[in-house]
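Topology and contacts: notes
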Amino acid sequence: MTLLTLQRGLAGNFTQGLNASRLAKTNFGLRCCGGVKIRSRPILRQSIAFHAGGRRLQAVAEPASTVAQQSAPPYEAPKSGVLSILPAKWVPYGELIRIDKPTGTYYLFFPCLFSTLLAAPMAEPMTAIASVVGTSLLFFSGALIMRGAGCTINDLWDRNLDPHVARTRLRPIARKAVSPFNGVVFTGFQLLAGLGVLVQFPMPCLNYGIPSLLFVASYPLAKRVTYYPQFVLGLTFSWGAIMGFPALGIDLLSNGAALTAAACLYTSNIAWTVLYDMIYAHMDIKDDAQAGIKSIALKHDADTKTVLTGLAAVQIGLLAAAGTAAGAGPAFFVGSCGGAAVALGIMIKRVNLKSVQDCWWWFVNGCWITGGVISTGLAADYLIRLSNSEAEEVKPTQA
């Protein structure tokens, strides 16, 4: 809210020149207390122009977004990183899929890796290491492509909102470097590429993978109708927590233990997604409020860390339930569950939600810290169980 204070000597001249009806129309509040203060609406900036030697006052209202764009630095082509080596015409499309900001890809990949490692010991026979590695690499390529498609869809939905948010105003579609039509065509190519990866998995994966596209398309809409769009994002980003089981040949509909493990792992990852995206949303909390974008950070700004703590407890509890259903051993419960509890506890305690830089740091590094300890525990448990299985197979031969 902008306050312009006029000096005491001008107060009398302006007060005489303004009548009550004009004050009502302009919606200005004038208050004389050693001077005149003019208070604007929250979304408007009042530019005060003086004419005729200071005897007449003219108020000009400008949208806050326009003022922000005028004061913010213009777009500059990338001079370092992967975008700097791309041909100039490709740069906007590289920016569109956030190729220079891969954290989102990692967040999409980790649930796939979790489910692969959790499902591997449950397969009959137990999945070989080479198969686990190959499946994980396929999942990573799929995460890279589908994350890019999701970003493109998001920017198409938000093309009229992004110009009003400082962090997003220079995105390719927002700054008109990519037209909406070209964005749609580009999305089509990405979805076809994603389908090409999906068909490399066993055919049942198609039945589980294709429905996730509904959540991919609906997340940007959720930001307009609910304060909890992060929950919809969680439904999308956590889908890989289901996919590892059919990818390794486990039929979820006929295997009750696997179905329970997959369901618990999926909901655990939803809680994790809401948790880290709530921290991410604090970077845009002021701009989101002005642009009318809803988020859990806005809804629970006063008690964010309490909500984060609750989400962490839900995530770890459901993760432990998934391990129990899958028959996991101590390495999982100590490494994955215990490690996640420590990692999340430190992050929630230390993150400064009022600092954009600090929120970004924990969003990026929290991905590797939390995702890394969960993956390490799962991998250790899988290798121990694989070793025990091979040892049991050798015993009858020796006998």
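Residues numbered from 1 in each chain as written. Predicted model: local features only at pLDDT ≥ 70, side-chain atom pairs only at ≥ 80, totals over all residues. Heavy atoms only, no water.

An unreviewed UniProt entry lists the protein chain under the name 4-hydroxybenzoate polyprenyltransferase, mitochondrial, with Cordyceps confragosa given as the organism. The record held by UniProt for the protein chain lists under Subcellular location (unreviewed entry) the comment "Mitochondrion inner membrane". Word for word, the UniProt comment on the protein chain under Catalytic activity (unreviewed entry) is "an all-trans-polyprenyl diphosphate + 4-hydroxybenzoate = a 4-hydroxy-3-(all-trans-polyprenyl)benzoate + diphosphate". (UniProt positions renumbered as here; feature names shortened; annotations may be inferred.)

What follows covers the overall build of the protein chain. Within the protein chain, the regular secondary structure consists of 17 helices and 5 strands. Put simply, the protein chain has 399 residues, and 44% of those count as buried. Excluding contacts between residues fewer than 6 apart, the proportion of contacts in the protein chain whose partners are at least 24 apart in sequence is 71%. Accessible area of the protein chain: about 20000 Å², with a carbon and sulfur share of 63%. (Helix = DSSP H or I, 4+ residues; strand = E, 2+ residues; numbered from the N terminus. Buried < 20%, exposed > 50% of the residue type's maximum accessible area, 1.4 Å probe, protein only. Contact = heavy atoms within 4.5 Å. Areas by Shrake-Rupley, 256 points an atom, 1.4 Å probe, with all protein chains shown as cover.)

Glancing now at the UniProt feature "transmembrane region" (unreviewed entry) in the protein chain. UniProt's feature table lists "transmembrane region" (unreviewed entry) at residues 106–123, 129–149, 177–199, 231–250, 256–276, 331–348 and 360–380, given in the numbering used throughout. Counting secondary structure, residues 106–123 comes out at 78% helix and 0% strand; the distance between its end C-alpha atoms is 25 Å.

Looking now at the pattern of salt bridges. Counted by the stated rule, this structure contains 8 salt bridges. Arg-98 serves as the salt-bridge partner of Asp-155, at 2.9 Å between the closest nitrogen and oxygen. Of this pair, Asp-155 sits in helix α6 (residues 129–157) while Arg-98 is found in the loop between α4 (91–96) and α5 (103–119), placing the two residues 57 residues apart along the sequence. Here Asp-301 and Lys-354 are joined by a salt bridge, their closest N and O atoms 3.7 Å apart. (Salt bridge = Lys/Arg side-chain N within 4 Å of Asp/Glu carboxyl O.)

Attention now goes to the packing of helix α12 (residues 256–281) against helix α16 (residues 330–350). Contact geometry of α12 with α16 gives a least axis separation of 12 Å together with a crossing angle of 25°. Relative to α16, the element α12 is oriented roughly parallel. The hand of the α12/α16 crossing is left-handed. Contacts from Trp-272, Leu-275 and Ile-279 of α12 reach α16 at Leu-344, Met-347 and Ile-348. In terms of residue class, the contact of α12 with α16 is made up of 6 nonpolar, no polar and no charged. (Axes fitted to C-alpha atoms, helices over the stretch in contact; angles between N-to-C directions. Parallel < 35°, antiparallel > 145°, perpendicular 65-115°, else oblique. Left-handed = near helix turned anticlockwise from the far one by under 90°. Nonpolar A, V, L, I, M, F, W, Y, C, P; charged D, E, K, R; others polar.)

This next bit is on the side chain of Ser-115. Inspection of the secondary structure assignment puts Ser-115 in helix α5. At 3.0 Å, the side chain of Ser-115 forms a polar contact with the backbone oxygen of Cys-112. In contact with Ser-115, other than residues within four places in its own chain, are Gly-240, Ala-241, Ile-242, Met-243, Gly-244, Phe-245 and Leu-265. (Polar contact = N/O pair within 3.5 Å; in protein donor to acceptor, adjacent residues only side chain to side chain.)

The residue Ile-153 is located in helix α6 in this model. As for Ile-153 and Leu-96, which are separated by 57 residues in sequence, their C-alpha atoms are 9.6 Å apart. Ile-153 has contacts with Thr-187, Val-216, Ala-217 and Pro-220, leaving out every residue within four places of it along the chain.

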